[in-house]
Amino acid sequence: MPFYQFLFRPKNELEKGGRTPDPQTAEDSELAKQCPACGSRLPLSMVWEQANTCTCGYHFRMNARQRLQCITDPGSFQERDANLTASDALVFPGYQKKLATMRTSCRELEGVLCGRATISNRPCAIFVMEPYFMMGSMGMAVGEKITRLFEYAQKERLPVVGFTASGGARMQEGLLSLMQMAKTSGAIRQFSDDGGFYLTILTDPTTGGVTASFAMEGDLILAEPGATVGFAGARVVEQTTKRKLPDNFQKAEFMLQHGFVDGIVSRKNQRNVIGKLLELHRREDQP
Amino acid sequence: MSASAYERVRAAREKNRPTSLDYIGALFGTFLECHGDRRFADDPAIVGGIAELQGRPVTVIAIEKGHTTKEHLYRNFGAPNPEGYRKALRLMGQAEKFHRPVICFVDTSGAFCGIGAEERGQGQAIAESMSTMMGLQVPVLSIVIGEGGSGGALALCVADQVWMLENAIYSVISPEGCASILWRDAEKAAEAAECLKLTADSALEFGLIEEVIPEFQGNHEQTCALLQQKISAWLHQSQSLHCGQYAQRRFNRFRKIGTDFVQNAK
């Protein structure tokens, strides 16, 4: 930084132009959160302390940065491709505006955070999808970031830990977004053929094109209690079949019962379980 | 004058449009159908088997809609269940074992949305299909002959080359679905179709497919004659690769998709 810039650098938040309010705190301005499962009202500070879960065991949705803070060792996360975005290739009506709104309200540029971190002192490549950014939908930027992360992990001989949360492929990018399913699947296959370990944790909601690609391609697949996991939307299934859906339809427990996840792990235990799994899958040639 | 996007959608869904079995009948000398995924059931929405193309054995996998109402019901309107994709996986595995090229015909509004399909892991079946196709060490060709509906179509489109018929469509979501999400009005499907760029010409423009096959105003014989010629040429040209190169070349094809449109924000 040249000297004159240093002199006139912003010295506090106001000089930087102020902060946009966090969507989560704005929404919960009464400083309490009501649990939809047990109905109790919990002070926000308590919810935060318990990693966004209720005392009854209900898991609230969580934004990606907060999740990283909960799961990775303090200060260990180094973000990669933080500024990667995609242009509006289809010139889709309203897409630019929607992106701008999302970027302001989420304070993220895209629907996934990728990087390198340690969990219980075990190094790994990690991606966390952002459920509040257009429902974590997968466009070209998300597909490219995840593909690059697997390529990086393959080169560095690191395991990959992925938290999925997505409504599926991003409609506004048309076929180009659909193709990201194939692209990420290909990258994961190469990573896997090379002996890499990939662990997915399915969080609420993991649906559509993400379920039908990298969410289901983990060597091990874990899920958060009560997370919605499925391919088609429940409402679409109800309309198509005209039948009442089972109570736990497309919940993590339903997926466990039908043999599509290895286990359900509550947020409280995730750090330990993931750390242990990384340790058990360590490689001789790993840094 | 070229047709509008929604006219293409209508044409792709046209009741009398030739289905996969019509193409299989016209293109291949013999076709022996193989049933069942060996795990749960046989899915009539996906037809698979071994065929002969000018004396050469190939594996054919096709999504079939059927022509009459009875056939539609039997084929579930061309909406595959997980066991359909798992049957395809089984046949692809055999194709690789016996060094047969794989040719897929795609015509579906999408993978089936049902309770059973979810219970048996529709998402996992599609993911596994893509992942397996990505690694196949034989030539793979996919042809979208009618509707290429989202993940259900992509599951059989992870190929070395993807071709589309002139009036076929290939889309991330149905125009009706897109319109109801965007404008809460499924009636605006025609506008949505335009926005989604789901025609063969658009897909070619974005570099997502290799060829658009003309339909000669619905002259099926002429289309098939051209297809036969093009498939033979493709087969001939694909054979020159060494065994280990097929998968890498296929991955490279998909790896570059979208990279022209991503950049680091300032």
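Everything numeric in this text was worked out from a predicted model, so none of it was measured.

A. Focus on the overall build of chain A. When helices and strands are counted, chain A shows 11 helices and 10 strands. The C-alpha radius of gyration computed for chain A amounts to 20 Å, which stays within 12% of the reference 19 Å derived for 287 residues, consistent with globular compactness. The C-alpha extent of chain A, read off along each of the three principal axes, is 65 × 50 × 45 Å. Burial analysis of chain A (287 residues in total) assigns 48% to the buried set. A separation of at least 24 residues holds for 68% of the contacts in chain A among residues at least 6 apart in sequence.

B. View of the sheet that holds strand β7 (residues 160–166) of chain A. Residues and elements named next belong to chain A. If you walk across this open sheet you meet the seven strands as β3-β5-β6-β7-β8-β9-β10, and the pairing is mixed. The outermost strands of the open sheet, each flanked by one partner alone, are β3 (78–80) and β10 (263–264). Here eight bridges tie strand β5 (residues 112–119) to strand β6 (residues 122–129), and the two strands are oriented antiparallel to one another. Within β6, the position partnered with A117 by the bridge is C124. Packed on one face of the sheet, helix α4 (residues 64–71) meets β5, β6 and β7 and runs near 160 degrees to β6.

C. Local environment of helix α7 (residues 174–193) of chain A. Residue and element names in this part refer to chain A. With 20 residues, α7 ought to run about 28 Å at 1.5 Å a step, and its terminal C-alpha atoms sit 30 Å apart, in line with that. For α7, the tally of buried residues reaches 18 of 20 residues, placing the bulk of the element in the interior. Residue G195 follows α7 closely and has a positive phi angle near 95 degrees.

D. Representation of the domain arrangement of chain A. Residues and elements named next belong to chain A. Taken domain by domain, chain A consists of domain 1 (12–60) and domain 2 (62–280). A C-alpha centroid distance of 22 Å is found between domain 1 and domain 2. At the junction of the two partners, domain 1 supplies 10 residues and domain 2 supplies 15 residues. Grouping the amino acids of the side of domain 1 that touches domain 2 by side-chain chemistry returns four nonpolar, six polar and no charged.

E. Seen up close, the nonpolar core. Core analysis: the biggest nonpolar cluster contains 148 residues, and V106(B), M130(B) and V144(B) have the highest contact counts within it. Considering each element in turn, this core owes the most residues, nine residues, to α7(A). Ignoring sequence-local partners within four residues, the contact set of V106(B) consists of I63(B), S142(B), I143(B), V144(B), I145(B), G148(B), A153(B), L156(B) and C157(B).

F. Molecular detail of the interface of chain B and chain A. Counting residues at the interface gives 43 residues for chain B, matched by 48 residues for chain A. For the side of chain B that touches chain A, the elements supplying multiple residues, two or more each, are α5 (115–119), α6 (122–135), α7 (150–154), β7 (169–171), α8 (175–182), α9 (189–196), α12 (245–255) and β9 (262–264) of chain B. Considering every element that reaches the side of chain B that touches chain A, the biggest residue donor is α6(B), with nine residues. Here the side of chain B that touches chain A is composed, by residue class, of 25 nonpolar, 14 polar and four charged. Note: strand β4 (residues 84–86) of chain A against β9(B), three bridges, orientation antiparallel. If you follow A86(A) over to β9(B), its bridge partner there is V262(B).

Cut-off values and rules
Along each chain, residue indices are assigned from 1 in the same order as the chain's sequence is written. Each chain gets a letter, beginning with A, and each ligand a number, beginning with 1, in the order they are written. Reporting of local features is limited, given that this is a predicted model, to residues whose pLDDT is at least 70; pairs of side-chain atoms are given and counted only at 80 or more, and all residues count toward the totals for whole chains, interfaces and linings. Helical segments are the DSSP runs of H or I of at least four residues, strand segments are the runs of E of at least two, and each set is numbered from the N terminus. In this description the radius of gyration comes from C-alpha coordinates, and the expected globular size is given by 2.2 Å times residues to the power 0.38. Any residue whose C-beta has 12 or fewer other C-beta atoms within 10 Å is treated as exposed, any with 20 or more as buried, and any in between as partly exposed, C-beta atoms being built from the backbone. Residue pairs qualify as contacts under a 7 Å threshold applied to their C-beta atoms, which are placed from the backbone. By the convention used here, strands pair only if DSSP detects at least 2 bridges between them. A fitted line through C-alpha atoms serves as each axis, taken over the contacting stretch for helices, and the angle formed by two N-to-C directions is quoted from 0 to 180°. Take the residue count of a helix, subtract one, and multiply by 1.5 Å to get its expected span. An automatic or database domain assignment provides the domain bounds reported here. Following the grouping adopted for this structure description, the nonpolar residues are Ala, Val, Leu, Ile, Met, Phe, Trp, Tyr, Cys and Pro, the charged ones are Asp, Glu, Lys and Arg, and the polar ones are all others, Gly among them. Structurally, a nonpolar core is described as a collection of buried Ala, Val, Leu, Ile, Met, Phe, Trp, Tyr and Cys residues joined by way of C-beta atoms within 7 Å.

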